[in-house]
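# A structural walkthrough
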Amino acid sequence: MTQSVCIFGVTGSIGQSTLKILDRHPDKYTLFAVTAYSRIKELAQICKQYQPKIAVVPESKVDELRTELLALGVFDIEILAGEQGLITVAESSQVDIVMAAIVGAAGLLPTLAAIKAGKRVLLANKEALVMSGEIMMQAARDHHALLLPVDSEHNAIFQSLPQNYLNIERNGQPQLGVSQILLTASGGPFLNHTLEQLHAVTPQQACKHPNWSMGQKISVDSATLMNKGLELIEACHLFSISEHFVTVVIHPQSIIHSMVQYIDGSTLAQMGNPDMCTPIAHALAWPERLDTHVPALDLFTHSHLDFQQPDTQKFPALNLARQAMRDGGLAPTILNAANEIAVAAFLNLKIKFTTIPEVVEHTLNHVQNGSAQSIEAILDTDRLARDVAHQFVASAGG
Ligand code: NAD
Ligand code: MG
């Protein structure tokens, strides 16, 4: 029998890589539902090719999708709309596996709905976990959802940790002989830029990552190192470990995807060619393995691996994220919201690249932190932080 899959964000970079894996394994997986926010023509083509039962788009795109599907001769797909449509699919008893690959805070409620419905949830949408932290982790435990990391570093850490590490008691200490997590970072396209040069970089340059091909938002995050900051917070929650035990290591070749150190002096690493199909296949099939098109790593062609400390003067975003994790409560929610606004403003040429961390810092300083006791509190603070960040962007850009 095949397992039934829903892909949130099917038109995105992670969504497309997930389809590649499903293409290879039609005997194991069927696509039940797909969702997209834009690129409706592409979504319609995906519907024609894979014949899912349901497609979800924003309310404003329903007619466009219906027209595109009719033009392609596709008549038997149910179209659902908006956030409620996403939640309906996440909760459907006909879905076994949810790929959470929407970008940003928009993925929070649908991802949480899938977790509360006890699904196997493949988490690419790191912003959702950064925003909601322990609420999401607790929901996974309460509802026996299997929350598996797709982010390449976290997937590597998961592979290098002792079995069952996702389910251990939460006390912030490394356990089962683990001493430290080494979170690797490529350093992004501007690793060797001077601060002067950073002031002048364009969105186009920021979106050209040296090793990975990704959506625009995460590409900019990689360039500012905020991606590593978000990943630091993600790791703390996923692996129940305080930020104190997570060290960021710049490794420009992206061959080692992260490491775990043990009290006996061992360091375990997961390595491979940088292709998201590997962690996606791993999360889909765990504890089994699926073959992918990703070629085996040839160490003779990658005979030189470099490691260095991150430059937090040039890339202050990393320290902002670490401090937000230390402060706890709603600080990561504020950090994430401000960053989303700042990245969008940079992509729209409203602010400079180096203003992005300034927007985040300003917002963290001007929105009251508090306890993240409920999703309502998180969503309220997310909205407030976006307002504050918008105002700062208007003054910084204007
Ligand atoms: P992307 O921009 O390529 O795709 C995003 C998808 O989300 C698209 O299908 C889009 O239609 C949908 N979407 C966007 N806004 C939406 C909204 N408001 N409501 C509903 N759907 C919306 O992004 P991506 O690179 O595939 O990244 C997706 C997520 O995975 C991000 O959280 C990113 O940080 C994470 N991630 C990506 C990579 C990668 O290699 N691309 C690696 C690790 C983690
Ligand atoms: Mg990553």
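These lines cover the structure that appears in this document, whether it is placed above or below. Worth saying up front: this structure is predicted, and the values here are computed from it rather than measured.

Reading the values: rules and limits
Residues numbered from 1 in each chain as written. Chains lettered and ligands numbered in written order. Predicted model: local features only at pLDDT ≥ 70, side-chain atom pairs only at ≥ 80, totals over all residues. Heavy atoms only, no water. Helix = DSSP H or I, 4+ residues; strand = E, 2+ residues; numbered from the N terminus. Buried < 20%, exposed > 50% of the residue type's maximum accessible area, 1.4 Å probe, protein only. Contact = heavy atoms within 4.5 Å. Areas by Shrake-Rupley, 256 points an atom, 1.4 Å probe, with all protein chains shown as cover. Lys, Arg positive; Asp, Glu negative; His and termini not counted. Charge placed at Lys NZ, Arg CZ, Asp CG, Glu CD. Donors = N, O, S within 2.8 Å, 3.2 Å for Na, K, Ca; no water. Near = heavy atom within 4 Å. Polar contact = N/O pair within 3.5 Å; in protein donor to acceptor, adjacent residues only side chain to side chain. Nonpolar A, V, L, I, M, F, W, Y, C, P; charged D, E, K, R; others polar.

Attention now moves to the overall build of the protein. Within the protein, the secondary structure is distributed over 17 helices and 11 strands. The principal-axis extents of the C-alpha atoms in the protein amount to approximately 55 × 55 × 45 Å. Relative to its 398 residues, the protein shows a buried fraction of 57%. Long-range contacts, defined here as pairs at least 24 residues apart, represent 71% of the contacts in the protein between residues at least 6 apart. Accessible surface, the protein as shown: approximately 17100 Å² in total, 51% of it carbon and sulfur. In the protein, 26 side chains carry a positive charge and 38 a negative one; their mean positions are 3 Å apart.

Attention shifts here to the coordination of the magnesium ion (ligand 2). Coordination of the magnesium ion (ligand 2) by the protein is provided by D151 (OD), E153 (OE) and E231 (OE), with metal-donor distances spanning 2.1 to 2.2 Å. Spacing between the donor residues of the magnesium ion (ligand 2) along the chain follows D-x1-E-x77-E. Of this pair, D151 sits in the loop between strand 7 (146-149) and helix 8 (152-160) while E231 sits in helix 12 (residues 226-238), and the two are 80 residues apart along the sequence. Taking relative accessible area as the criterion, D151 reaches 7% and is therefore assigned buried. By relative accessible area, E231 is classed as buried at 1%.

So, about the site of ligand 1. As a structural note, the neighbourhood of ligand 1 is formed by 22 residues, with T11, S13, Y37, E127 and G215 the closest of them. Within the backbone of G9, one N or O atom sits 3.3 Å away from an oxygen atom of ligand 1. Here an oxygen atom of ligand 1 sits 2.8 Å away from a polar atom, N or O, in the main chain of G215. Here ligand 1 loses 87% of its free accessible area of 830 Å² to cover by the protein chains. Elements that contribute at least two residues to the shell around ligand 1 include exactly helix 1 (13-24) and helix 6 (126-132). Partitioning the shell around ligand 1 into residue classes produces 12 nonpolar, seven polar and three charged.

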